[in-house]
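These are the residues of each chain, in order.
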Amino acid sequence: MEIYLVRHTTPDVLPGTCYGHSDIDVTETFLAEFEALHPKLRHLKNPVIYSSPLQRCMKLAESMAATFSPQLTVQPDPRLKELNFGDWEMRSWNDIPRGLVDVWAEDHVRHVPPNGESFQQLFQRAQSFVADLQHDQQPALVFTHAGVIRALMGYALGLPLVHTFKLQIDYASVSKIIVAPQFTSVAYVNR
């Protein structure tokens, strides 16, 4: 099965803001980013479309679905949401006590921001999503966030999760993994 992982377009949020699970909109560059993304996906035939339920992903997913067929629907899945930063959501990173951020950063894979989740937990829910897809033969077009894409790239490559943050995942980029019965592989990243 082919899985195309698409990161949302540029979010409408001040630089330096922690916004993982927050439901924020996209900037006025949405149309230009969509138009640049569309040629990378138009070759797909009858894709099944999934999306994080957050509006920055759903807006892109619904716009793309309309280019394939007016009847094509987007299936929202909460497992595709970005990391939940809990009490840090929508706060400037500079306003979060440095000591708390330092403790979290020492082991961001296992440490949990107050009332949030760890990257390991995000990885488990993303992996659960892929496990449910393995019965589909149509290509899956998945609109999600950088954290989920990094987690799934790490899964496909067998990377320790701590190293997945070395992967550059741009806004409105496409990464592709192939899930086969015996192995999972990466076709490309950040295209």
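Refer to the structure printed above.
Here the structure is a predicted model, which is why all the values come from computation and not from measurement.

(A) Spotlight on the pairing of strand β3 (residues 48–51). A two-sided burial pattern is seen for β3, the buried positions comprising Val48 and Tyr50 on one face and Ile49 and Ser51 on the other. Relative to strand β6 (residues 140–144), β3 runs parallel, the two sharing 4 bridges. Across the sheet, Val48 pairs through a bridge with Ala140, a residue of β6. When β3 meets strand β4 (residues 74–76), the two strands line up parallel, connected through 3 bridges. Within the sheet, the bridge partner assigned to Tyr50 lies in β4 and is Gln75. Handedness of the crossover joining β3 and β4 through helix α2 (residues 55–68) is recorded here as right-handed.

(B) Representation of the pattern of salt bridges within the structure. Under the definition given, this model contains 7 salt bridges. Close ionic contact of Glu2 with Lys176 constitutes a salt bridge, the shortest N to O distance being 3.3 Å. Within this pair, whereas Glu2 is found in strand β1 (residues 2–7), its partner Lys176 is found in strand β7 (residues 174–179), the two being separated by 174 residues in sequence. Overall, the relative accessible area of 11% leaves Lys176 in the buried class. Linking Asp107 and Arg110 is a salt bridge whose minimum nitrogen-to-oxygen distance equals 2.6 Å. The exposure class assigned to Arg110 is exposed, which follows from its relative accessible area of 61%. When salt bridges that share partners are traced, they join Asp77, Arg79 and Asp132 into one network.

Conventions used here
- Residues numbered from 1 in each chain as written.
- Predicted model: local features only at pLDDT ≥ 70, side-chain atom pairs only at ≥ 80, totals over all residues.
- Heavy atoms only, no water.
- Buried < 20%, exposed > 50% of the residue type's maximum accessible area, 1.4 Å probe, protein only.
- Helix = DSSP H or I, 4+ residues; strand = E, 2+ residues; numbered from the N terminus.
- Pairing = 2+ DSSP bridges.
- Right-handed = clockwise from strand over helix to strand, strands pointing away.
- Salt bridge = Lys/Arg side-chain N within 4 Å of Asp/Glu carboxyl O.

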